[in-house]
There are 2 protein chains.
Amino acid sequence: MNFCSDCGQSVSHIVPPDDNRLRYVCDHCGTIHYQNPKMVVGSIPLWDEGGHAQVLLCRRAIEPRKGYWTLPAGFMENNETTTDAASRETEEEAGARVELQELFTLMNVPHVHQVHLFYRARLLDLDFAAGIESLEVKLFKESEIPWADIAFPTVSHTLKFFFADLAQHKDGKPFGFHSLDLKKSLHTS
Amino acid sequence: MNFCSDCGQSVSHIVPPDDNRLRYVCDHCGTIHYQNPKMVVGSIPLWDEGGHAQVLLCRRAIEPRKGYWTLPAGFMENNETTTDAASRETEEEAGARVELQELFTLMNVPHVHQVHLFYRARLLDLDFAAGIESLEVKLFKESEIPWADIAFPTVSHTLKFFFADLAQHKDGKPFGFHSLDLKKSLHTS
């Protein structure tokens, strides 16, 4: 940030009075420009026919991590809810319609100022198709997941928690809710 | 937003190419300034001595809702996790040290572009004190909660879910995780 978005004048990076953090503050009108983490929200679309569970992944057509596989997810927008965001991203990136279920993971990625949420979801039909941000969209059994080519650690961890809970679910246990903080040093899947 | 925070020139409110939403886009350098929801994170500090459960509330010293009661909570900052934010806000607003437990509520408030999270927490001692943003800080039994004077609907709902789960917890049931979308028309506690 170089200029005040309110008045267009210069800003300084200082700790304002009654605060304890560096903020961008306008030298002219005094507006404090707070910066806060963003939420990335997505789904885990499950197709489970005859006990053969498969999850829908998208291969990214854009940077970062172009060419790598991810669950459908993206930045939450103003005026929507977390479930609105999960459904919209699933439709936009995977051309897929889902019935959203419970929140499954909340993962903090503090060094990039993000919080990632993934909802469990039931894929409603097989008429999915790559959206503009995806090269291809495909169903994977657990044994087929391209673990070395997953785009983001939050997606790898979510998939691992998911298949572990799915195995236990077949024995009658409920799905859990999983929280994880991913620090920079852990940032390889 | 009136000016580009990168180059200081004017912005237009338009739908960029390959997008479907209005964004502020710089007329000069072309930067797209995305705006996203903010997270408000707090705790439900419980003091439970001899089966007499009490929750710590803060009376707000600042607008909005100055003079009304709230759970300690505030905007999550960059470089911190959701639990960092919950602990920090509890310390700053209530001068209280807590041991954070599970995430208890996730509430969407889309018309103000916010997502509120509250964690269950065990108050570690009684040496709490009003921070700069609080007029007073006090423990309340369920029967003493000032329901008509709670600052925000997300706090009222969280407290109602909490005392309901606490009663069931005494019969051996685990605490739940509660999600709720608060639309504008519901925005009275």
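This text follows the structure it describes.
None of the values given here were measured: they were computed from a predicted structure.

How each quantity is defined
- Residues numbered from 1 in each chain as written.
- Chains lettered and ligands numbered in written order.
- Predicted model: local features only at pLDDT ≥ 70, side-chain atom pairs only at ≥ 80, totals over all residues.
- Helix = DSSP H or I, 4+ residues; strand = E, 2+ residues; numbered from the N terminus.
- Buried ≥ 20, exposed ≤ 12 C-beta atoms within 10 Å, placed from the backbone.
- Contact = placed C-beta atoms within 7 Å.
- Pairing = 2+ DSSP bridges.
- Least-squares fit on C-alpha atoms with pLDDT ≥ 70 in both.
- Nonpolar A, V, L, I, M, F, W, Y, C, P; charged D, E, K, R; others polar.
- Core = buried A, V, L, I, M, F, W, Y, C linked by C-beta atoms within 7 Å.

### Description of the overall build of chain A
Right, on to step 1. In terms of helices and strands, chain A carries two helices and 11 strands.
Right, on to step 2. Starting at the N terminus and ending at the C terminus, chain A contains elements arranged as β-β-β-β-β-β-β-α-β-β-β-α-β.
Right, on to step 3. Overall, the C-alpha framework of chain A stretches about 65 × 35 × 30 Å when taken along its three principal axes.
Right, on to step 4. Scored against the burial criterion, the 189 residues of chain A give a buried share of 34%.
Right, on to step 5. Taking the contacts inside chain A whose residues are at least 6 apart along the sequence as the reference set, 61% of them involve residues at least 24 apart.

### Thoughts on the sheet that holds strand 3 (residues 32-33) of chain B
Residues and elements named next belong to chain B.
Right, on to step 1. Read across the open sheet, the three strands follow the order 1-2-3; overall the sheet is antiparallel. Of all the strands in the sheet, the pair left with one neighbour each is strand 1 (11-14) and strand 3.
Right, on to step 2. Across two bridges, strand 2 (residues 23-26) lies against strand 3 in antiparallel orientation. Following the sheet pairing, Tyr24 is matched in strand 3 by His33.

### Description of the relation of the copies chain A and chain B
Right, on to step 1. Expressed as a screw transformation, the operator carrying chain A onto chain B has a rotation angle of 180° and an axial translation of 0.0 Å, and the superposed copies differ by an RMSD of 0.0 Å. Here the transformation between the copies is reduced to the relation of a two-fold axis.

### Structural notes on the interface of chain A and chain B
Right, on to step 1. Listed as interface residues are 33 residues of chain A and, on the opposing side, 33 residues of chain B.
Right, on to step 2. Those elements that place two or more of their residues in the side of chain A that touches chain B are strand 4 (38-49), strand 8 (98-109) and strand 11 (178-181) of chain A.
Right, on to step 3. With three residues, strand 8 of chain A is the single largest residue contributor to the side of chain A that touches chain B.
Right, on to step 4. Split into classes, the residues belonging to the side of chain A that touches chain B amount to 14 nonpolar, 12 polar and seven charged.

### Quick word on the nonpolar core
Right, on to step 1. Counting residues in hydrophobic clusters, the biggest one holds 76 residues, and the most contacted among them are Met39(A), Val41(A), Leu56(A), Met39(B), Val41(B), Leu56(B) and Leu117(B).
Right, on to step 2. Setting aside residues no more than four positions away along its own chain, Leu56(A) makes contact with Pro45(A), Trp47(A), Ala94(A), Ala96(A), Leu123(A), Phe128(A), Val137(A) and Leu139(A).
Right, on to step 3. Counting residues in hydrophobic clusters, the runner-up holds eight residues, among them Phe3(A), Val11(A), Tyr24(A) and Val11(B).

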